[in-house]
Structure formats: structure tokens, C-alpha cells
Amino acid sequence: MANTQDVVVITGASAGHGRAVARGFARQGAKIGLLARGREGLEAAKREVESLGGQALVVPTDVSDADQVEAAAQAVEAELGPISIWVNNAMVSVFSPVKTLRPEEIARVTEVAYLGYVYGTMAALRRMLPRDRGVIIQVGSALAYRGIPLQAAYCGAKHAIEGFTESLRTELLHDKSRVRVTMVQMPAMNTTQFSWSKNKMDHNPQPVPPIYEPEVAAHAVIWAARHDRREIDVGGSALAAILANKIMPGLLDHYLARNGYHSQEAPGPVDRTRPDNLWRPVPGDHGVHGPFSDRSIRRSPEVWTTLHRGTIAVLAGLGLALAGLSVGLRRSRRSATHANRPVIAPAIRGASDDHGARLRELPTM
């Protein structure tokens, strides 16, 4: 359960997964700094947070600008109090083969989806380290370990976040700091990303199935804020991609070469008129969910298993102990039975032999 004094900062909070995270913290009574570029979405998110029992501050911020991120952190602490949880989540992307990407597009994705995390982390550390407490959560992806076609700029940013976070984690351990950092690796989600990311493909983009609703992943982020876990893989598909890349990366290269294009292309012709949010926010309130709710997973046993693996391990150990005890008791009973037989049987045989001997000693009639 959240501490009602928690002050949470969420980047990319105006829509999609970030907004789902804001709703989750709001239900626990947290005070939330909502950071994103689009004011309409931020104001709608604020209304939701307050209706769910939280307190919210809207801070329009482009996370690719370090000064804006620092100013946002100052505004949050001035209004809501010391920041205890910082969630880096903001992103932009371009769906395109590398051969048709422009340098400025790659730079923009890197500035938001990687440097935005760096600037957010640094702003959080400036406040958390002197207090020797706080949690930084990096919203990652299975793509932090396994790149796929058509998303090279985004995959590169996620790989960079993983490396940056590993370096930071070792430094915190070296300094014996109680500030901790957790990376939550996401599966494909039904978010607004696929409605407004810049697209150069012949079809509209879609997430690679299986697709999860944002609330499933938001639950993992909120759980990570309360539990000391180095990294969390959300969903079986994320874990499978990470493991497959470790075991057989070459085979996975060929698999993705054959299937990685069409699995990211929605049926029907591409909509070239839709706006994208690479350089500026798309006006309006876009909510949490993308257009794939009819085939998205709303509950995940894999997520529950991942988050409760300690409990599962204890229960499994208890089960094994009980099974071992049961086997031991059965063996003890069998041993007792076998141990008694040599005592009883010879006695019976001895009594029978004595009786026969006495009969032989009687006179015959």
C-alpha cells in the first residue's frame, strides 16, 4: 500500500502507459507530478488523479531539455513536497527501416527516449541522494535486450537505458546508498504510441502480439516502487524474447527477418494524414488505450508469478517439504513392518517346531 505522503513524478503522464501508472498511484492516495508536453492530456490526467483520491500537479515538460526537467522537479517539490518516486516513461518513436530514417529523426528519438531518462534520473538523484532515500523506475522494454526491425531508433534508446541504469546501480551499491533503481521491461502494449508515432511503413503500425493492456504493466511499475527488485520482466513474451536472444540470437535474427515486418503492420492501407508527436504533441486528450483493446490481455498470470516469485518459492519449498515428510513417513511404516516380521515369524515357527516335537514324544495308541 502506498504511503499517502509519497510524491511521485511520472514523465509521459498525459496518455498511454504513463497515464495508467498515474491512475494506479492516485488510487493509493499519492501526490503526483504529471510531466509531458501536451497540456490537454495532462489536465485530463489531473482530473482523473483527483477523482481517484490523489493530488496532482501539471507541469508541461519536454524531457529532451535538461533545464525543463530540472525546473519541473523544482516545481513538484515546491508544491507537493520531497520527491520519493520518479518514473521515467516518456518516449517517441519512428516506425521505419534504417535506410529511410533521417539523422534528425534518430536524434529526436534518442533525445526523448534515452536522454529524457538520463535527465529525469539526474534530477531525481539531486534530491534523493542527500536524503538517502527514494526510488527511480525506468520503464524499459524487451527491446532493451532484443532489437527488432522497423524500430531501430527506439531499440537503440532502450538498449542505452539498460546500460546507463546498470552503471548507476553499481555506483549506488558502491556508495552504500539507500536510493534504488529498478528497470521494468515491458511487453507489447495497447497504448496511444501506435496512433501517433511517426510512421514510414506501407501500413499503420501495431504492437507485436501478444498485446497487453497498459494497466497490466502499470501494476508492475507500482509494485516495483514498493519492493526491492533489480529488474522486472512483464509478461511471458518479454521474458521469452530476452531469453531467446541470450540462447540463440542468430536464429532469432533470421526469425525476425521473416516475421518482424508483417507482425508490426496492421491490416489495411496506411493513413498518411494522421499527425505524429515526434516534434510536437498531438492536440487533445488521448486517454490510456490504443485501438487494439479487442485483442489485448487484461490480466496476466505471468505478471502475477513474476511479482510474487518469493511467495511461490516459499510455497514450493513447503510443498516439497511436505512431500518429503510424507515419503519419509511411508518409508518408516514399511521399515517398521519389515523389522517386526523377523521377530514374529521365527517365534511362530519355533512354537510350531516345539509342538511337533512334543507330539512325537507322546506314546502312540
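Residues numbered from 1 in each chain as written. Predicted model: local features only at pLDDT ≥ 70, side-chain atom pairs only at ≥ 80, totals over all residues. Heavy atoms only, no water.

S.K.: Would you mind showing me how to read a nonpolar patch on the surface here?
M.R.: A contiguous nonpolar surface patch, about 480 Å² in accessible area, is contributed by Leu239, Leu243, Ile247, Met248 and Leu251. No other element matches helix H8 (residues 236-247), which puts three residues into the nonpolar patch. Locating Ile247 in the fold gives a position in helix H8. With a relative accessible area of 68%, Ile247 lands in the exposed category. (Patch = residues over 30% accessible without salt bridge, like charges linked within 9 Å, V, L, I, M, F, W, Y side chains within 5 Å. Areas by Shrake-Rupley, 256 points an atom, 1.4 Å probe, with all protein chains shown as cover. Salt bridge = Lys/Arg side-chain N within 4 Å of Asp/Glu carboxyl O. Helix = DSSP H or I, 4+ residues; strand = E, 2+ residues; numbered from the N terminus. Buried < 20%, exposed > 50% of the residue type's maximum accessible area, 1.4 Å probe, protein only.)

S.K.: Just to check I follow, could you spell out the pattern of salt bridges for this structure?
M.R.: Side-chain pairing between opposite charges can occur once the charged atoms of the two side chains come close. Going through the model one piece at a time under the given rule, you end up with 16 salt bridges. The partner of Arg19 in a salt bridge is Glu48, and the shortest N-O contact between them spans 3.0 Å. Remark: Glu48 occurs in helix H2 (residues 39-51) and Arg19 occurs in helix H1 (residues 16-27); sequence separation between them is 29 residues. The pair Arg19 / Glu48 is uniform in exposure class, with both members buried. Across the pair Arg39 and Glu43 runs a salt bridge whose closest N-O atoms are separated by 3.1 Å. Highlighted residues: Arg39 and Glu43, both in helix H2, separated by four residues, approximately one helical turn.

S.K.: What's the story with helix H7 (residues 214-226) in this structure? I'm lost.
M.R.: The α-helix winds at 3.6 residues per turn, so residues separated by three or four positions along the chain end up facing the same way. Its 13 residues place the ends of H7 19 Å apart at the C-alpha level, agreeing with the 18 Å of an ideal helix rising 1.5 Å per residue. Counting buried positions along H7 gives ten out of 13 residues, so the element sits mostly inside the fold. (Expected span 1.5 Å × (residues − 1).)

S.K.: Looking at this structure, how should I read the confidence of the model for the protein?
M.R.: Low pLDDT means the predicted coordinates in that region are not meant to be read closely. Looking at the protein as a whole, the pLDDT averages 88, with 81% of positions reaching at least 70. Contacts of residues 343-349 to residues separated by more than four positions or lying in other chains number one contact, the stretch itself having pLDDT below 50. Scored below 50 in pLDDT, residues 355-365 shows zero contacts in the model against residues more than four places distant or in partner chains. (pLDDT = per-residue confidence, 0-100. Contact = heavy atoms within 4.5 Å.)

S.K.: It is not clear to me how the pairing of strand E4 (residues 85-88) should be interpreted in this structure. Could you clarify?
M.R.: Both faces of the sheet carry side chains from a regular strand, because those side chains alternate between them. Side-chain alternation along E4 places Ile85 and Val87 on one buried face and Trp86 and Asn88 on a second face that is also buried. Direction of pairing for strand E1 (residues 7-11) relative to E4: parallel, over a ladder of three bridges. If you follow Ile10 over to E4, its bridge partner there is Val87. Across four bridges, the pairing between E4 and strand E6 (residues 135-141) is parallel. Note on E6: the bridge partner recorded for Trp86 is Ile136. (Pairing = 2+ DSSP bridges.)

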